[in-house]
Amino acid sequence: MSKSLKRVKRALEEAGQAVDVVEMAEGTRTAADAAAAAGCEIDQIAKSIIFHAEATGDAVLFVTAGGNRVDPAKASTVAGEPLGKADAGLIRAQTGFAIGGVAPIGHLNPIRAWYDPRLLEFDVVFAAAGTPRHVFPIAPDVLMRLSGAIQADFTG
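Description of the structure in this document. (Residues numbered from 1 in each chain as written. Predicted model: local features only at pLDDT ≥ 70, side-chain atom pairs only at ≥ 80, totals over all residues. Heavy atoms only, no water.)

This part takes up the environment of threonine 95. By the element assignment, threonine 95 lies in helix H4 (residues 88-95). Residue classification places threonine 95 among the buried positions, given a relative accessible area of 0%. Along the primary structure threonine 95 and leucine 108 are separated by 13 residues, whereas in three dimensions their C-alpha atoms are 5.0 Å apart. Contact partners of threonine 95, with chain neighbours within four places excluded, come to Arg7, Ile50, Gly106, His107, Leu108 and Ile111. (Helix = DSSP H or I, 4+ residues; strand = E, 2+ residues; numbered from the N terminus. Buried < 20%, exposed > 50% of the residue type's maximum accessible area, 1.4 Å probe, protein only. Contact = heavy atoms within 4.5 Å.)

So this is what it looks like as structure tokens:
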């Protein structure tokens, strides 16, 4: 089991969440792939999108529904500073995850995070569990709480 997957499982356990992490044979690199593999709607996939906060240099997280796109201008407004593209090195250094498997929880370092209200319309959402092949089902309000994310309008 990868270190990334172990971190996500530990974060869930420490939060008292009895969640089964599921390995997907097809892989889950895109929201469409994850939805097909999980047998759910694309918007039930909780994507973790990372940006580079230009003023602070930190990575920031936007957890959004699979069918939505993060609008960079809205995201910058929500973050209160200009945002740019985060490179793989920044993502790995701040979160401990590689692109394609970034989980909304279990990061190596604290991260500012915002949450797409669309996800709250479902009973269950599926999020990456630290690898491109693993996801976990969870109640969306619980995921928002565990990720420390603030509900905001940042999609377009």
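This brings us to the pairing of strand S5 (residues 112-115). Looking at chain direction, strand S3 (residues 59-65) and S5 are connected through four bridges and run parallel. Bridged to phenylalanine 62 within S5 is tryptophan 114. Sheet topology note: the S5/strand S8 (residues 150-151) ladder contains two bridges and is parallel. For tyrosine 115, the partnering residue across the bridge sits in S8 and is glutamine 151. (Pairing = 2+ DSSP bridges.)

The subject of this paragraph is helix H5 (residues 140-147). Listed in full, the buried residues belonging to H5 are Pro140, Val142, Leu143, Met144 and Ser147. On the buried face of H5, the contacting elements are strand S2 (45-53), S5, strand S6 (125-128), strand S7 (134-138) and S8.

All right, on to the pairing of S6 then. When S2 meets S6, the two strands line up parallel, connected through two bridges. If you follow isoleucine 45 over to S6, its bridge partner there is phenylalanine 126. Pairing between S6 and S7: four bridges, direction antiparallel. The residue of S7 that forms the bridge with phenylalanine 126 is proline 137. Linking two consecutive strands that pair antiparallel, namely S6 and S7, is a turn of five residues; a positive phi of about 100° is found at glycine 130 within it.

Per the stated rule, a full pass over the model turns up five salt bridges. With a closest N to O distance of 3.5 Å, arginine 133 and glutamate 23 form a salt bridge. Of the two residues, arginine 133 sits in the loop between S6 and S7 while glutamate 23 sits in strand S1 (residues 22-23), which places them 110 residues apart along the sequence. You can call arginine 133 partly exposed: its relative accessible area is 36%. (Salt bridge = Lys/Arg side-chain N within 4 Å of Asp/Glu carboxyl O.)

The biggest cluster of nonpolar side chains holds 31 residues, and the ones touching the most others in it are Val8, Ile50, Tyr115, Val125, Phe136 and Leu143. Counting residues per element, this core draws most heavily on S3, at four residues. The contacts of tyrosine 115, once residues within four sequence positions are left out, are Val63, Leu120, Val125, Pro140, Leu143, Met144, Ser147, Ala149, Ile150, Gln151, Ala152 and Phe154. In this structure, Ala53, Val70, Leu83 and Phe154 belong to the second largest nonpolar core, which totals 11 residues. (Core = buried A, V, L, I, M, F, W, Y, C linked by side-chain atoms within 4.5 Å.)

By themselves these figures say nothing about function.
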